[in-house]
Amino acid sequence: MNRQLALLAFAVGALHRHLRRTVTLGAALAFTVAMVASALMLTDALRAEYAAVASTSPDLTVQRLVAGRPALIDVTVATKVREIPGVVSVRPRVWGYYFIPSLQGNLTVVGVDPRRSDVRRDLGRIVRGRGMRAGGRGEMVLGDALATFLGTQIGDEIGLPGEGGRPVFLTTVGFFEAQSALWTADALVTSEADARRLLRVPDGHATDLAVRLSTPDEASVVTRKVSELLPDARIIERRLLARTYELTFSERGGLLLAALLPALAAMLVLAWDRMTGLGAAERREIGILKSLGWSTADLLAAKVWEATLLGVLATVLGVGAAYVYVFLAEAPGLSDVLLGWSSFYPPLDLRPTVTGTQVLTIVSASVVPFVALSVVPAWRAASADPDSALRGT
Amino acid sequence: MTAVGDAEVAIELRSATKRYRDGEREHVVVREVSLRIERGRWVVVRGPSGSGKTTLLGLMGGLVRPTSGDVWLAGKSIVHLRDHHLAAHRRASVGMVMQDLGLLPGLSVVDNALLPLVPTGGARSEHLARVAELTARFGIADKRDVRVERMSGGERQRAALVRALVLDPPVVLLDEPSAHLDAERTAELVRLLGELRAGGKAVVVATHDERVAGAEGVDRVVTLKDGTTEAARAPGEGKE
């Protein structure tokens, strides 16, 4: 114990004595760690957000496909689906993407029934402004990014082209809170009637059916029965949706990390070069210490401490920088890669978390190779006769 | 004559040879050297540059392993010792002053002097007292906390001696210790080496310097040529 403490103290002194090398290597390692940590943190945070949303989705979403494309579904089907054992409720939904040529962007129009108290309650939780009245006709709540893009304020009325080009006038009554921005950035929530006019969805039809089950275990059975009932239906199970999100972010995160591998490799090459390139002075120091009665194991232990201290310091700095970049600065540049969004990028308000797995991954990917690379040349120098140390060359 | 293994024999080399391989070529730096040095003796190793003096010191101090032959240090054969045992034996038995002193820049005299103690868990109070005693004895007590690169050549020389003696080893090896010293400092060094000899230590000095090689108190002069010893002679005997 005392030996390790003494070697640790020597390693601290060595880092201080070789300050330029310490700063160069530390900065390079911290930068690499920051890049890898940013990718991991952002991927994990987005994955968690999407998983949270998936958990609130309907157990089953029933859509209708015609020639492989989504088509409107007859709401009378809802009654038939409701009769399938295991189904608790079926709700026809009206929503869809609405292209505004002047904005060159799609927004998501969602129709809700503001007469329902649960809808008003849910909206009230995430809306800034007065929210929709029970009547709700002619009113809308906008996502932050969309509102910023349109330049609308509460009370503003805008006209959007509806059926036959006739404008549908809607008054802004609220904006979604930033916490929900990932889901509401490009959303326009209005009454179901206004949504039908904007999306040209006739009465008696819906975009899809949201199905709640008595237990999620019934999903595959109910899915099979709905398929028999509606041969042209596409049925999306919630757990499959969650799995899709998981795979999407794993794939994107993996691609991003793969793209960062060259940076990591470059850093490790730099570390190798610095550690071996400094050979003359370092070999000399090793020779001196050996002549003073240090064993190869002592020298290696000191080197491991030195590299570990530098690695830990750089990791703390790198992870700290990544935390600030992802959770405070909203990951400019990186978020576009991971989100793959289209027109209205949401401000990210992610739940800040740093997990043990992330730290372990970072340490495995950067610190461990760094320590190994620094120890190998030291081991080679320490194993050889310290002849140059004796000669002062 | 004391037997090998007896602590009175500080160093014994038996047909020690050291070869280095450089690609296809092989250099024999020390060839079949046999030598015995008792405690309380001062031996000078002389020879032209490249004759193998430094490597011979390395063999004596257990820093260089012989390619063949045997080396005994402070009563123990060190050729087949495992690395950590050899390091511990070397730490306890040998104090070394290298050609360029081997002080670590950025460290003070005290920190340099305590370097041999790091692998043992650091300095204890008796070691600190020993450093204080030695720095006072060598006249650098007021420089104890000064970084060595800020000291004069003579002061650094003494700092290196403090470090070599901090664990009170029975063997002291010095490689060209007067290389950068003026006449006054060299005389001081010679006096100090005489004190070490008188204190029962085996002192081995590799040097070109006649002021050291011919000093009073030198028991033997060993001349190296092409890696091997010529007949040892007592100081004052005719040149070989």
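Think of each chain on its own: its residues are numbered from 1, step by step along the sequence as written. Chains carry letters and ligands carry numbers; both start at the beginning, A for chains and 1 for ligands, and go up in the order they are written. Per-residue local features of the predicted model are confined to residues with pLDDT of at least 70, and side-chain atom pairs are confined, for both listing and counting, to 80 or more; whole-chain, interface and lining totals are unaffected and use all residues. As a convention, hydrogens and water are excluded, and side-chain values are obtained from all of the structure's heavy atoms.

Student: Let's hear about the sheet that holds strand β8 (residues 202-206) of chain B: which residues, and what values?
Tutor: Residues and elements named next belong to chain B. Strand order in this open sheet of 6 strands is β6-β7-β8-β3-β9-β10, and the pairing throughout is mixed. Single-partner strands in this sheet number two, and they are β6 (94-97) and β10 (228-229). Of the strand pairs in this sheet, strand β3 (residues 42-46) and β8 are connected by 4 bridges, and their pairing is parallel. Bridged to valine 45 within β8 is alanine 206. It only takes one pair of heavy atoms within 4.5 Å for two residues to be counted as in contact. Between N-to-C directions, angles span 0 to 180 degrees; the directions come from axes that are lines fitted to C-alpha atoms, helices contributing only their stretch in contact. Only DSSP runs of H or I reaching four residues or more are called helices, and only runs of E reaching two or more are called strands; each is numbered from the N terminus. Here helix α1 (residues 53-60) sits on the sheet in contact with β3, β6, β7 (171-175), β8 and β9 (220-225), set at roughly 160° to β7. Together, β6 and β7 form the strand contacts of helix α2 (residues 83-93), whose direction differs from that of β6 by roughly 75°. In this analysis, strands are considered paired if DSSP registers two or more bridges between them.

Student: Describe in detail the pattern of salt bridges, supporting the description with residues and values.
Tutor: In what follows, salt bridge is the name for a side-chain nitrogen of Lys or Arg lying within 4 Å of a carboxyl oxygen of Asp or Glu. On inspection of all chains with the given rule, the structure shows 29 salt bridges over all chains. A salt bridge links Asp203(A) to Arg196(A), with the shortest nitrogen-to-oxygen separation between them at 3.7 Å. Here Arg196(A) falls in the buried class, since its relative accessible area comes to 12%. Among the salt bridges present, the one from Glu26(B) reaches Arg21(B), with a minimum N-O distance of 3.2 Å. Burial classes: relative accessible area under 20% of the type maximum marks a residue as buried, over 50% as exposed, and values in between as partly exposed (1.4 Å probe, protein chains only). Exposure remark for Arg21(B): the relative accessible area of 61% places this residue in the exposed category. Put simply, Arg130(B), Glu133(B), Asp168(B) and Lys201(B) are held in one network by salt bridges that share partners.

Student: Pulling in residues and values, what's your account of the interface of chain B and chain A?
Tutor: Facing the 30 residues of chain B at the interface are 26 residues of chain A. For any pair of parts, buried area is found by adding up, for both, the accessible area (1.4 Å probe) each one loses once the two are put together. Regarding the contact of chain B and chain A, the summed buried area is about 2,300 Å², with carbon and sulfur atoms giving 62% of it. The closest approach of N and O atoms between Arg284(A) and Asp100(B), which form a salt bridge, is 2.1 Å. Residues adjacent in sequence count toward polar contacts only when both atoms are side-chain atoms; beyond that, a polar contact is any pair of N or O atoms within 3.5 Å, and within protein one must be able to donate a hydrogen and the other to accept it. Counting across the interface, chain B meets chain A through 5 residue pairs in polar contact (both at pLDDT 80 or more). Elements supplying a minimum of two residues to the side of chain B that touches chain A: β1 (9-22), α1 and α2 of chain B.

Student: I'd like a description of the pairing of strand β2 (residues 25-38) of chain B, backed by residues and values.
Tutor: A regular strand places its side chains so that they alternate between the two faces of the sheet. Pairing between β1(B) and β2(B): 10 bridges, direction antiparallel. Paired with Ala16(B) across the bridge in β2(B) is Val33(B).

Student: I'd like a rundown of the packing of aromatic side chains, residues and numbers included.
Tutor: The aromatic pairing rule takes the rings of Phe, Tyr and Trp, using the six-membered ring of Trp, and pairs them if the centres are within 6.5 Å, calling planes under 30 degrees apart stacked, those over 60 edge-to-face and the rest tilted. Following the criterion strictly, the structure yields 3 aromatic pairs over all chains and no others. Both rings, one in Trp95(A) and one in Tyr97(A), keep their centres 5.7 Å apart while their planes meet at 90°; by these two values the pair is edge-to-face.

Student: Hey, could you go over the pairing of β3(B) for me, with residue numbers and the actual values?
Tutor: Residue and element names in this part refer to chain B. Burial analysis of β3 places 5 of its 5 residues in the buried class, which makes it a mostly covered element. Residues of β3 alternate between two faces, with Trp42, Val44 and Arg46 on one and Val43 and Val45 on the opposite face, all of them buried. For β3 and β9, the ladder comprises 4 bridges, and the chain directions are parallel. When the sheet's bridge partners are listed, valine 45 is paired in β9 with valine 222.

Student: So what's going on with a nonpolar patch on the surface? Which residues, and what values?
Tutor: All names here are of chain A. On the surface, a cluster of nonpolar side chains totalling about 400 Å² of accessible area is made up of Tyr323, Val324, Leu328, Val354 and Val359. Here the nonpolar patch gets 3 residues from one element, more than from any other, and that element is helix α11 (residues 296-328). Summarising the element assignment, tyrosine 323 is placed in helix α11. Each patch is built from residues lacking any salt bridge and having more than 30% relative accessible area; the joining distance is 9 Å for like charges and 5 Å for nonpolar side chains (Val, Leu, Ile, Met, Phe, Trp, Tyr). All accessible-area figures derive from a Shrake-Rupley calculation using a 1.4 Å probe, and residue coverage is judged against the displayed protein chains alone.

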